[in-house]
Amino acid sequence: MPLFHFNARIGDKLLADDEGEQLPDRESARSVAESSAREALLEAVKFGGRRYPGYRR
């Protein structure tokens, strides 16, 4: 199975996904990426962005 890496950027900081995740195809990887982004956005809204280092308002 292909190995996909899901890197993220918070402000100027890059959070590299060094381990990655084995998924069957690009469609599955996109689904995981969308879910992760949705979860991160909900957390940012919930905490007003204060929880994340590098966040700038």
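**Student:** Tell me about the overall build of the protein chain, and name the residues and values.
**Tutor:** Helix and strand counts for the protein chain come out as one helix and four strands. Looking at the 57 residues of the protein chain, the share that counts as buried comes to 11%. Within the protein chain, contacts between residues separated by at least 24 positions form 18% of all contacts whose residues are at least 6 apart in sequence. Carbon and sulfur atoms form 51% of the exposed surface of the protein chain, whose accessible area is close to 5,000 Å².

**Student:** Give a detailed account of the environment of Asp18, specifying residues and quantitative values.
**Tutor:** Summarising the element assignment, Asp18 is placed in the loop between β3 (13-15) and β4 (21-22). With relative accessibility at 68%, the residue Asp18 sits in the exposed group.

**Student:** Quick rundown of helix α1 (residues 26-47)? Include the residues and the values.
**Tutor:** Three or four residues apart is the spacing at which side chains of an α-helix point the same way, because the helix has 3.6 residues per turn. End to end, α1 covers 31 Å across 22 residues, agreeing with the expected 32 Å (1.5 Å per residue, within 8%). Capping of α1 at its N-terminal end is provided by Asp25; its side-chain oxygen lies 3.3 Å from the backbone amide nitrogen of Glu27. Note on α1: the residue one or two positions beyond its end, Gly48, has a positive phi of about 65 degrees.

The rules behind these values
- Residues numbered from 1 in each chain as written.
- Predicted model: local features only at pLDDT ≥ 70, side-chain atom pairs only at ≥ 80, totals over all residues.
- Heavy atoms only, no water.
- Helix = DSSP H or I, 4+ residues; strand = E, 2+ residues; numbered from the N terminus.
- Buried < 20%, exposed > 50% of the residue type's maximum accessible area, 1.4 Å probe, protein only.
- Contact = heavy atoms within 4.5 Å.
- Areas by Shrake-Rupley, 256 points an atom, 1.4 Å probe, with all protein chains shown as cover.
- Expected span 1.5 Å × (residues − 1).
- Polar contact = N/O pair within 3.5 Å; in protein donor to acceptor, adjacent residues only side chain to side chain.

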